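# Residue-level structure breakdown
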Amino acid sequence: MTHAPSAPTLITFEGVNKWYGNYHALADITASVTKGEVVVICGPSGSGKSTLIRTVNRLEEIQKGSIRFDGKDIHSRSMDINKFRSHIGFVFQSFNLFPHLTVLDNITLAPLNVLRRDRHAARERGMELLDRVGLASKAEAYPGQLSGGQQQRVAIARALAMDPPAMLFDEPTSALDPEMVGEVLQVMKSLARDGMSMMCVTHEMNFAREVADSVWFMDEGRIVETGTPEAFFGNPSTPRAQKFLADLSSH
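Quick look at the structure, then. (Residues numbered from 1 in each chain as written. Predicted model: local features only at pLDDT ≥ 70, side-chain atom pairs only at ≥ 80, totals over all residues. Heavy atoms only, no water.)

### Focus: the sheet that holds strand E7 (residues 166-170)
- Spatially, E6-E7-E8-E3-E9-E10 is the arrangement adopted by the 6 strands of the open sheet, whose pairing is mixed. Each end of this open sheet is capped by a strand with a single partner; those strands are strand E6 (89-91) and strand E10 (222-227). Averaged over all pairs of adjacent strands, the angle between strand axes in this sheet comes to 15°, irrespective of strand direction.
- Inspection of the sheet shows strand E9 (residues 214-219) paired to E10 by 5 bridges, in the antiparallel sense. Within E10, the residue paired with Met218 across the bridge is Ile223.
- Relative to strand E8 (residues 197-201), helix H6 (residues 178-193) is tilted by about 145°, and along the sheet it contacts strand E3 (38-42), E7 and E8. (Pairing = 2+ DSSP bridges. Helix = DSSP H or I, 4+ residues; strand = E, 2+ residues; numbered from the N terminus. Axes fitted to C-alpha atoms, helices over the stretch in contact; angles between N-to-C directions. Contact = heavy atoms within 4.5 Å.)

Shown next, in the form of structure tokens:
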């Protein structure tokens, strides 16, 4: 994947630190994501990947440093957190769909209630997005009638319904059976091809190789290495990244 080198910065982390009690979960994170860039964050379990991505829409608060989204300090006291959060697409490990609502109603709920969209327009857009993720035929089904992979694709469509400037994915395939992983990754790949700004925490290294513009490797709450997929997978520069990749290939 490539994007214009002069693309403006969308997300900036500056000296970001987070503690849980005495545990230093994020240590001096300084990094940035440009518009249209796909960043894959990888690293061993407990390295701070999910914590980092959850700070971007303030599901996790930080104690030190700053995070700017499109130039705005998202941890400032004046930030309307609910309004801000509603505009960032976030896809979790668990699908978090409302079980009592149909697939289409899950997708149109926020556009109707938060964006105050016209009902007809919201449903039309919802059907477009379902078509995009290959599930137009499931509009009137309920989440419990879908496979895990289908539910995750609905969750992606639901996030896209808010027309977000960026999508955040926190291990979106880790709760799925192996045969369903591919269908979710295909949707993510199509978003990347269309120029969506994305931050993805994932263990799917082939996806990182194929789709990422940048790979951030985390260990013990720090970003210890960043680079293109070619550089990271072909010639990792730190012993910790070398060990991580060696362990992966031995599996």
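### Considering the side chain of Glu60
- Relative to the helices and strands, Glu60 resides in the loop between helix H1 (49-55) and strand E4 (64-69).
- Take Glu60: its relative accessible area is 16%, and that puts it in the buried class.
- The residues touching Glu60, leaving out its near neighbours within four places in the chain, are Lys18, Tyr20, Thr51, Arg54, Thr55 and His75. (Buried < 20%, exposed > 50% of the residue type's maximum accessible area, 1.4 Å probe, protein only.)

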